[in-house]
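# A closer look at the structure
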Amino acid sequence: MDRIFEVVYTHWKDTDRLLTVQGDLPDNMNSSESDLIFVERHDGQIVDIRKESVISTTQLKPKP
């Protein structure tokens, strides 16, 4: 994985519950027009997150 981001977001049903996922934000999957962001975890699983639920996005490892 070239770069790693940490995304902190609220659960879609329980906004008091914070969740965290780490992985890449593939450019080919994410666009400004979509209401979702897609995170590809290190195990290959894709996690979709509603943009409105994102609390923070932090880049932990930059693209080389």
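This section reports on the structure supplied with the text. Note that the structure is a prediction, hence the values are computed from the model and not measured.

What follows covers the overall build of the protein. What the protein contains, in helices and strands, is zero helices and five strands. Going from N to C terminus, the protein has its helices and strands arranged as β-β-β-β-β. In terms of C-alpha radius of gyration, the protein reaches 11 Å, essentially the compact-globule figure of 11 Å for 64 residues. With the C-alpha coordinates aligned to their principal axes, the bounding extent of the protein is approximately 35 × 25 × 20 Å. By the burial criterion, 27% of the 64 residues in the protein qualify as buried. The long-range fraction of contacts in the protein, counting pairs at least 24 apart against all pairs at least 6 apart in sequence, stands at 39%. Looking at the protein, you have 8 positive and 12 negative side-chain charges, and the mean spots of the two groups are 2 Å apart.

Burial within strand β1 (residues 4–10) is extensive, with five of its seven residues counted as buried. When β1 meets strand β5 (residues 54–61), the two strands line up antiparallel, connected through six bridges. The partner of Tyr-9 across the bridge, within β5, is Val-54. Pairing geometry for β1 and strand β2 (residues 18–23), over six bridges, is antiparallel.

Right, let's talk about the environment of Asp-24 for a bit. Within the element layout of this structure, Asp-24 appears in the loop between β2 and β3 (36–40). For Asp-24, a relative accessible area of 14% gives the class buried. Along the primary structure Asp-24 and Glu-40 are separated by 16 residues, whereas in three dimensions their C-alpha atoms are 5.2 Å apart. A polar contact of 2.7 Å, which involves the side chain of Asp-24, links it to the side chain of Arg-3.

With respect to the helices and strands, Glu-6 occurs in strand β1. Along the primary structure Glu-6 and Val-39 are separated by 33 residues, whereas in three dimensions their C-alpha atoms are 9.2 Å apart. Ignoring sequence-local partners within four residues, the contact set of Glu-6 consists of Thr-20, Val-21, Gln-22, Ser-56, Thr-57, Thr-58 and Leu-60. Separated by 3.0 Å, the side chains of Glu-6 and Gln-22 make a polar contact.

Thresholds applied
Residues numbered from 1 in each chain as written. Predicted model: local features only at pLDDT ≥ 70, side-chain atom pairs only at ≥ 80, totals over all residues. Heavy atoms only, no water. Helix = DSSP H or I, 4+ residues; strand = E, 2+ residues; numbered from the N terminus. Rg over C-alpha atoms; globule rule 2.2 N^0.38 Å. Buried < 20%, exposed > 50% of the residue type's maximum accessible area, 1.4 Å probe, protein only. Contact = heavy atoms within 4.5 Å. Lys, Arg positive; Asp, Glu negative; His and termini not counted. Charge placed at Lys NZ, Arg CZ, Asp CG, Glu CD. Pairing = 2+ DSSP bridges. Polar contact = N/O pair within 3.5 Å; in protein donor to acceptor, adjacent residues only side chain to side chain.

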